[in-house]
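Inside the fold
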Amino acid sequence: MIELIHGDCLEKMADIESGSIDTWMTSPPYAKQRDYSGMEAVNYVSWMADIIIEAKRTLKDTGSIFINIKEHCDKGQRDLYVFKMIIHLVEVLDLRYTEEYIWSKTNPFPIGNKKRLKDSYERVLHFTKTKDYKFYPNNVLIKSESKWLKAEKKRKKAPHNVTNGSEMNMSTRVATDMVRPCNVITGTSSNKNIGHPAVYPDYLPEFFIKLTTEENDSVGDMFMGSGTTGVACKNLNRNFIGIELDKDYFEIAEKRIYEPSQENLL
């Protein structure tokens, strides 16, 4: 089931059934750093808090909320609104700050500031209602490049009898061909020219959807934008609810999600 909703997310989320969403995966407008529905940094925390209250209400007890965001620089220093938001969501809204993932971009944009290096990463903040959230790391396994795996194969799978540099005893370690990835997701930024200023690549929502949901689970994106989360859900056989205020972006999302052949033209 795919449901796309045009309108203000805070108003439209009120119509979503409590405890019906397995994962919220979203990339909200940054504080006045994009040309779409931004919010001043000074008011950002209270604005996002109202939206996350609704996200929490609609989230299952085993669910997750992922927020892709990065603070900007103001007068030569990093703004603190993202850090303030994290503290508010934990201390006031009683969410668990479960993890911080890093999206490392291999093709960062050049910048004109001579006192800064290229800004090549963004955060994906992971919040949950309880410690018993759904988590499926086997869905995102990657090929191992461990030297211990190579050594073990040479010894015909004989156990390790050494310690590594951190003093960990490796004698009981079992090396496998496929392993859990780290919490840094590396790849290129999206280069799709589809009329939206901040399209994130398909692999980013796909990773978190696979990590915390199963087929036929429900995923939501209250800042749907061009619909990348919805495209990922359709490809992964998840139910999806997407909300977008901007009419032009909403129409882009409709075409991408309902008419997959359009993707070949991008």
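Because the structure is predicted, anything quoted here is derived from the model rather than measured.

Cut-off values and rules
- Residues numbered from 1 in each chain as written.
- Predicted model: local features only at pLDDT ≥ 70, side-chain atom pairs only at ≥ 80, totals over all residues.
- Heavy atoms only, no water.
- Phe/Tyr/Trp six-rings, centres within 6.5 Å; stacked < 30°, edge-to-face > 60°.
- Lys NZ or Arg CZ within 6 Å of the ring centre and 35° of its normal.
- Salt bridge = Lys/Arg side-chain N within 4 Å of Asp/Glu carboxyl O.
- Helix = DSSP H or I, 4+ residues; strand = E, 2+ residues; numbered from the N terminus.
- Buried < 20%, exposed > 50% of the residue type's maximum accessible area, 1.4 Å probe, protein only.
- pLDDT = per-residue confidence, 0-100.
- Contact = heavy atoms within 4.5 Å.
- Pairing = 2+ DSSP bridges.
- Axes fitted to C-alpha atoms, helices over the stretch in contact; angles between N-to-C directions.
- Parallel < 35°, antiparallel > 145°, perpendicular 65-115°, else oblique.
- Left-handed = near helix turned anticlockwise from the far one by under 90°.
- Nonpolar A, V, L, I, M, F, W, Y, C, P; charged D, E, K, R; others polar.
- Polar contact = N/O pair within 3.5 Å; in protein donor to acceptor, adjacent residues only side chain to side chain.

1. Quick look at the packing of aromatic side chains
- Tallying each qualifying case throughout the model produces nine aromatic pairs.
- A connected cluster of aromatic rings, assembled from ring pairs, spans Tyr44, Trp47, Tyr81 and Phe223.
- It is Lys70 that lies over the ring of Tyr121; its NZ or CZ is 3.6 Å from the centre.
- We note Lys105 situated over the ring of Trp103; from NZ or CZ to the ring centre the distance is 4.7 Å.

2. Regarding the pattern of salt bridges
- Throughout the structure, instances matching the rule amount to 11 salt bridges.
- Measuring nitrogen to oxygen at the nearest pair gives 3.4 Å for the salt bridge that ties Arg123 to Glu100. On the criterion of sequence distance, the pair formed by Arg123 in strand S7 (residues 121-128) and Glu100 in strand S6 (residues 96-105) is long-range, its members being 23 residues apart.
- For Arg123, a relative accessible area of 8% corresponds to the buried category.
- With a shortest N-O distance of 2.8 Å, Lys134 and Asp217 are connected by a salt bridge. Of this pair, Lys134 sits in the loop between S7 and strand S8 (142-143) while Asp217 sits in the loop between helix H5 (203-212) and strand S11 (218-221), and the two are 83 residues apart along the sequence.

3. Notes on the confidence of the model for the protein chain
- Per-residue confidence for the protein chain gives a mean pLDDT of 85; residues scoring 70 or more make up 80%.
- Low pLDDT, under 50, characterises residues 262-266; the predicted model gives this stretch eight contacts beyond four residues in sequence or across chains.

4. Focus: the sheet that holds strand S1 (residues 2-6)
- Read from one edge to the other, the open sheet built from eight strands follows the order S1-S12-S11-S2-S3-S7-S6-S10, with strand pairing classed as mixed. Edge positions in the sheet fall to S1 and strand S10 (184-187), since each has one partner strand and no second. Shown here is a sheet whose adjacent strand axes are inclined to one another by a mean of 15 degrees, direction ignored.
- Bridging between strand S2 (residues 21-26) and strand S3 (residues 59-69) involves five bridges; their strand directions are parallel. The residue of S3 that forms the bridge with Met25 is Phe66.
- The sheet strands contacting helix H2 (residues 41-58) are S2 and S3, and the helix crosses S3 at an angle near 150 degrees.
- Most of the contacts of helix H3 (residues 81-91) go to S7, to which it runs at about 10 degrees, and overall it touches S3, S6 and S7.

5. Digging into the packing of helix H6 (residues 228-236) against helix H7 (residues 247-258)
- In the contact formed by H6 and H7, the axes pass within 9 Å of each other and the chain directions differ by 15 degrees. Relative to H7, the element H6 lies roughly parallel. The hand of the H6/H7 crossing is right-handed. Only Arg256, Ile257 and Tyr258 of H7 make contact with H6, whose side of the interface consists of Thr228, Gly230, Val231 and Lys234.
- Looking at side-chain class alone, the contact of H6 with H7 contains three nonpolar, two polar and two charged residues.

6. Structural notes on the side chain of His126
- Among the structural elements, His126 can be located in strand S7.
- A distance of 2.8 Å separates polar atoms of two side chains, one belonging to His126 and the other to Ser64.
- Once residues lying within four places of it in the same chain are set aside, the contact partners of His126 are Ser64, Ile65, Phe66, Arg96, Tyr97, Thr98, Glu99, Tyr101 and Tyr133.

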